[in-house]
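One-letter residues, chain by chain:
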Amino acid sequence: MSEKMPKPSEASTLAWTSIMRARERLLGAIEAELKAAGMPPLAWYDVLWELVRAGDGRLRPYEIEERTLLAQYNLSRLIDRLEREGFVRREVFAEDGRGRWVVITEAGRQLRERMWAVYAGAIETHIGCKLAENEAKTLAGLLDRFL
């Protein structure tokens with residue numbers, strides 16, 4: 001390979017490492033707080049939240065996949081589990097009898113609200129109280145460049 005491979009600067013490498021470490025530590029802390037409160041994992045919240053945000057409370061599985069960080073095979077198992085627990089139900093997609101909607105139930109809405117109480121506190125504990133408001137906005141703006 002005679003092509004010269006681009007190399008990141010030391011600052012870029014440090015930024016990458018810091019982003020990844022912060023992500024792992026923050027997710028671990030939030031998951032631990034949810035578990036300590038007797039709540040399911042954060043992935044459950046993510047799916048339920050996307051369904052709530054959908055307005056009519058329903059999405060197709062591929063739409064949930066696009067809106068979350070869950071791989072399709074993990075999402076399918078998670079939706080199965082949420083359905084068994086009564087937090088979502090599947091409905092036939094009228095335009096295509098083969099497709100299905102995933103619809104949040106009232107129990108799912110209630111679980112998401114209970115989880116949010118813990119999740120919101122964890123966000124404040126692990127992020128909010130460590131950043132001034134203007135710092136949080138600056139950080140969010142910088143990270144938005146990657147989205």
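Just above sits the structure.
Residues numbered from 1 in each chain as written. Predicted model: local features only at pLDDT ≥ 70, side-chain atom pairs only at ≥ 80, totals over all residues. Heavy atoms only, no water.

Quick word on the side chain of Arg112
Mapped onto the elements, Arg112 comes out in helix H5 (residues 106–126). The side chain of Arg112 is buried and forms no salt bridge, while Glu113, the nearest opposite charge, is found at 4.8 Å. In contact with Arg112, other than residues within four places in its own chain, are Tyr45, Leu48, Trp49 and Val52. (Helix = DSSP H or I, 4+ residues; strand = E, 2+ residues; numbered from the N terminus. Buried < 20%, exposed > 50% of the residue type's maximum accessible area, 1.4 Å probe, protein only. Lys, Arg positive; Asp, Glu negative; His and termini not counted. Salt bridge = Lys/Arg side-chain N within 4 Å of Asp/Glu carboxyl O. Contact = heavy atoms within 4.5 Å.)

Observations concerning the pattern of salt bridges
Counting across every chain of the model gives seven salt bridges. Between Arg81 and Glu85 there is a salt bridge, with the nearest N and O atoms lying 3.6 Å from each other. For Glu91, the salt bridge identified is with Arg89, shortest N-O distance 3.0 Å. For Arg89, a relative accessible area of 38% translates into the label partly exposed. Among the charged side chains, a salt-bridge network with shared partners connects Asp80, Glu83 and Arg90.

Description of the layout of surface pockets
Where empty space is left becomes clear once a probe the size of a water molecule has been rolled over the atoms. Taken as a whole, the largest pocket encloses approximately 1,600 Å³ of empty space. Together, 34 residues line the largest pocket, and Arg23, Leu26, Leu27, Ile127 and Leu143 are the ones closest to its centre. Of all the secondary structure elements, the ones that give two or more residues to the lining of the largest pocket are helix H1 (10–36), helix H2 (42–53), H5 and helix H6 (133–144). No other element matches the eight residues that H1 contributes to the lining of the largest pocket. By residue class, the composition of the lining of the largest pocket is 23 nonpolar, three polar and eight charged. (1 Å grid on protein atoms, 1.4 Å probe; cavity = no way out; pocket = protein on both sides within 12 Å on 5 of 7 lines; lining within 4 Å. Points joined across faces, edges and corners; volume = space filled by probe spheres on them. Nonpolar A, V, L, I, M, F, W, Y, C, P; charged D, E, K, R; others polar.)

Quick notes on the packing of aromatic side chains
One pass over the full model with this rule turns up five aromatic pairs. Ring centres of Tyr45 and Trp116 lie 6.0 Å apart, and the angle between their planes is 25°; this geometry places the pair in the stacked category. Highlighted residues: Tyr45 in helix H2 and Trp116 in helix H5, separated in sequence by 71 residues. Residue Tyr45 is classed as buried on the basis of its relative accessible area, which comes to 4%. Ring geometry for Trp116 and Tyr119: centres 5.5 Å apart, planes at 80°, overall edge-to-face. Of this pair, Trp116 and Tyr119 are both found in helix H5, three residues apart, which corresponds to roughly one turn of the helix. For Trp116, a relative accessible area of 38% translates into the label partly exposed. Note on Tyr119: relative accessible area 16%, which makes it buried. Here a set of aromatic residues connected by ring pairs shows up, and it is made of Tyr45, Trp49, Trp116 and Tyr119. Above the plane of the ring of Trp101 lies Arg58, whose end atom (NZ or CZ) is 4.2 Å from the centre. (Phe/Tyr/Trp six-rings, centres within 6.5 Å; stacked < 30°, edge-to-face > 60°. Lys NZ or Arg CZ within 6 Å of the ring centre and 35° of its normal.)

Regarding a nonpolar patch on the surface
There is a patch of nonpolar side chains on the surface, built from Ile19, Leu139, Leu143, Phe146 and Leu147 and spanning about 540 Å² of accessible area. Structurally, Phe146 is set in the segment after H6. (Patch = residues over 30% accessible without salt bridge, like charges linked within 9 Å, V, L, I, M, F, W, Y side chains within 5 Å. Areas by Shrake-Rupley, 256 points an atom, 1.4 Å probe, with all protein chains shown as cover.)

Remarks on the environment of Glu24
Along the chain, the position of Glu24 falls in helix H1. With 109 residues separating them along the chain, Glu24 and Glu133 place their C-alpha atoms 23 Å apart.

Topic: the nonpolar core
The biggest cluster of nonpolar side chains holds 26 residues, and the ones touching the most others in it are Val47, Leu51 and Ile64. Contributions of two or more residues to this core are made by H1, H2, helix H4 (72–84), strand S3 (96–104) and H5. Sort the elements by how many residues they give to this core and H2 lands first, with seven residues. Discounting chain neighbours no more than four positions away, the residues touching Ile64 are Val47, Leu51, Leu59, Leu75, Ile79 and Val102. (Core = buried A, V, L, I, M, F, W, Y, C linked by side-chain atoms within 4.5 Å.)

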